[in-house]
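# Close look at the chain arrangement
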Amino acid sequence: MTTAHLPGHPHIDYRGDALTIEEVPLSGLAREHGSPLFVYSKASMLSALAAYQRGFVGRQARICYAMKANSSLAILQVFAQAGCGFDIVSAGELERVLAAGGQAETIIFSGVGKTRAEMRQALHAGIGCFNVESEAELDVLNEVALSLGLRAPVSIRVNPNVDPKTHPYISTGLKGNKFGIAHERTLLTYQRAAALKGLKVVGIDCHIGSQITEETPYLDAMDRVLDLVQAIEAAGIALHHIDFGGGLGIDYNGETPPAADGLWAKLLAKLDARGYGQRQLMIEPGRSLVGNAGVCITEVLYLKPGEQKNFCIVDAAMNDLPRPAMYQAFHQIVPVNKRSGSTEVWEVVGPVCESGDWLGHERALNVQTGDQLAVLSAGAYCMSMASNYNSRGRAAELLVDGAKVHVIRQRESLADQIHNERLVG
Ligand SMILES: *Cc1c(COP(=O)(O)O)cnc(C)c1O
């Protein structure tokens, strides 16, 4: 049985018995906007960003928000207005950044499977850098750039082979992963890239995983990347920037990941010691900027006590919050309005027809039918992974800024869902 712990965030907390986001009690929001409902705190996103910005004071650094964590337009707009660039993984994400007012030259394009069409689109837009993940991709990008009479700015994603000590599905910097170029082949690959006329080598990058809660993997990866920088530059290939990826974890259930500014003080000390402290630096944080800025409000539909288990059936499901089903991930689930009295232990599950459709196991809650619950840490990899499974429309999203509430996504209607479908003539 797990007792509730409110992930440390000054902007989402109880005032008396009422869970409140910035100046707004959550209970009224679902009544007005329906349930399930995602609600984000702008102040929370900006304070997470500020920790990175403090870490980089006096440096040439660009923070590229890894937007797959949450790609809703208004979220991108908040980060664009705060001076961020963007880390994208598809042409769809490129178009979202531009639609939200982001600048093409601040975009870096990651991912192991970029298509020729996506490369052309990104070259036309004038993005800042392609993070190339294989030798075959280098050749294709070279061809595409030459066919347009352009040179593609490239950085090669190296796989430093360090263990980020996180869930295997979100660990990306080990030898057995599909990501990046093996450490041992990096120099050869750079030499090959430098010889291709359609490419311009501009940097190096790595990204070792996600939800990393220790500093050692970062420090080890930094050493390895700097060894490579030294070897590549000794071979006469200049690297204008060093991109250190994202992956910093958040507090879902009492984890204590390093603070962004403290971690960067240590990483910068390493860079300084080896003479790279004044390089252009880039990072690609996603989860750590938005994860704890969001909650998902859900209503209790039915209580179904049983001999072995008590089920609390809520109106949010795996199509809204896929992380528990996908990664056995833990999200705190807390009452929107606390009740006095004793708790019972519940399996919190959604209405979808799959036994994998659960949101929380063995949660101590004092609930009644019709109550609202808040699934915490729901700002990252929730709405951006949401689906229409069981023909469920995706939830609405709100952005709270002080006492102001902005609807940033309307609830998806059935008309939205079937818009592209056709009956047979
Ligand atoms: C997903 C991803 C990120 C962001 O990871 P977080 O754990 O959300 O910080 C950064 N860079 C690349 C290449 C990614 O694929």
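Residues numbered from 1 in each chain as written. Predicted model: local features only at pLDDT ≥ 70, side-chain atom pairs only at ≥ 80, totals over all residues. Heavy atoms only, no water.

Below, the discussion takes up the overall build of the chain. Summing up its helical and strand segments, the chain has twelve helices and 21 strands in all. For the C-alpha atoms alone, the extent of the chain along its principal axes is close to 70 × 60 × 40 Å. For the chain, the share of sequence-separated contacts (at least 6 apart) that also reach a separation of at least 24 residues comes to 71%. By element, 50% of the accessible surface of the chain is carried by carbon and sulfur atoms, the whole surface being about 17800 Å². Computing the positive centroid from 38 side-chain charges and the negative centroid from 45, the chain places the two 5 Å apart. (Helix = DSSP H or I, 4+ residues; strand = E, 2+ residues; numbered from the N terminus. Contact = heavy atoms within 4.5 Å. Areas by Shrake-Rupley, 256 points an atom, 1.4 Å probe, with all protein chains shown as cover. Lys, Arg positive; Asp, Glu negative; His and termini not counted. Charge placed at Lys NZ, Arg CZ, Asp CG, Glu CD.)

Further remarks concern the sheet that holds strand 3 (residues 24-25). Taken in spatial order, the three strands of this open sheet run 1-2-3, and their pairing is antiparallel. In this open sheet, the two edge strands, each paired with only one partner strand, are strand 1 (12-15) and strand 3. Note: strand 1 against strand 2 (residues 18-21), four bridges, orientation antiparallel. Bridge pairing in strand 2 places aspartate 13 opposite threonine 20. (Pairing = 2+ DSSP bridges.)

Turning to helix 4 (residues 91-99), its buried residues are Ala91, Glu93, Leu94 and Val97. Considered in projection along helix 4, the buried side chains sweep an arc of 155 degrees and stay on one side of the axis. Packing partners of the buried residues in helix 4 comprise helix 3 (73-81), strand 6 (85-88), strand 7 (107-109) and helix 5 (116-125). Of the residues that open helix 4, the one with a side-chain oxygen 3.3 Å from the backbone nitrogen of glycine 92 is serine 90. A positive backbone phi angle near 95 degrees is found at glycine 101, which sits one or two residues after helix 4. (Buried < 20%, exposed > 50% of the residue type's maximum accessible area, 1.4 Å probe, protein only. Arc of directions from axis to C-beta. Polar contact = N/O pair within 3.5 Å; in protein donor to acceptor, adjacent residues only side chain to side chain.)

Our next topic: the site of the ligand. In the vicinity of the ligand lie 14 residues, with Lys68, Ser210, Glu284, Arg287 and Tyr381 positioned nearest. One of the side-chain N or O atoms of serine 210 is found 2.3 Å from an oxygen atom in the ligand. Here tyrosine 381 contributes a side-chain N or O atom positioned 2.6 Å from an oxygen atom of the ligand. Across the shell around the ligand, the residue classes break down as three nonpolar, six polar and five charged. (Near = heavy atom within 4 Å. Nonpolar A, V, L, I, M, F, W, Y, C, P; charged D, E, K, R; others polar.)

Per the domain assignment, the segments making up the chain are domain 1 (3-41 + 291-417) and domain 2 (110-285). Here the C-alpha centroids of domain 1 and domain 2 sit 35 Å apart. (Domains from an automatic or database assignment.)

Here the focus is the nonpolar core. One finds Tyr65, Phe79, Phe130, Ile204, Phe244 and Trp264 to be the most contacted residues of the largest nonpolar core, which totals 97 residues. It is helix 8 (residues 216-234) that provides the largest number of residues to this core, a total of nine residues. With 19 residues, the next largest nonpolar core counts Tyr14, Leu29, Val39 and Val295 among its residues. (Core = buried A, V, L, I, M, F, W, Y, C linked by side-chain atoms within 4.5 Å.)

Another point: the packing of aromatic side chains. For any pair of aromatic rings, the description rests on two quantities: the centre-to-centre distance and the angle between the ring planes. For the structure on display, the rule yields seven aromatic pairs. With 6.4 Å between their ring centres and 15 degrees between their planes, phenylalanine 38 and tyrosine 40 make a pair best called stacked. Each member of the pair phenylalanine 38 and tyrosine 40 is classed as buried. Three or more aromatic residues link up through ring pairs in this structure, and these residues are Phe56, Tyr218, Phe244 and Trp264. Cation over ring: lysine 338 sits above tyrosine 14, and NZ or CZ is 4.2 Å from the ring centre. (Phe/Tyr/Trp six-rings, centres within 6.5 Å; stacked < 30°, edge-to-face > 60°. Lys NZ or Arg CZ within 6 Å of the ring centre and 35° of its normal.)

Moving on, we come to unusual backbone geometry. Across the junction of serine 35 and proline 36, the peptide omega takes the value -5 degrees, indicating a cis bond. Checked against the element boundaries, proline 36 lands in the loop between helix 1 (26-33) and strand 4 (37-41). Of note in the backbone geometry, asparagine 161 takes a positive phi value of approximately 55 degrees without being a glycine. Inspection of the secondary structure assignment puts asparagine 161 in the loop between strand 9 (152-159) and strand 10 (181-182). On the basis of relative accessibility, which here comes to 28%, the residue asparagine 161 falls in the partly exposed class. A positive phi is found at tyrosine 381, a non-glycine position, where the angle reads about 55 degrees. Structurally, tyrosine 381 is set in the loop between strand 19 (372-375) and strand 20 (396-401). Here tyrosine 381 falls in the buried class, since its relative accessible area comes to 10%.

Let us now look at the pairing of strand 13 (residues 280-283). Taking every second residue as pointing to the same face, both faces of strand 13 are buried, with Gln280 and Met282 on one and Leu281 and Ile283 on the other. The sheet contact formed by strand 5 (residues 61-66) and strand 13 spans three bridges and is parallel. Residue pairing in the sheet places alanine 61 in a bridge with leucine 281 of strand 13. Bridge analysis of strand 12 (residues 241-243) against strand 13 gives three bridges, and the strand direction is parallel. Directly across from aspartate 243, in strand 13, lies its bridge partner methionine 282. In this region the chain leaves strand 12, passes through helix 9 (residues 260-273) and returns to the parallel neighbour strand 13; the handedness of that crossover is right-handed. (Right-handed = clockwise from strand over helix to strand, strands pointing away.)

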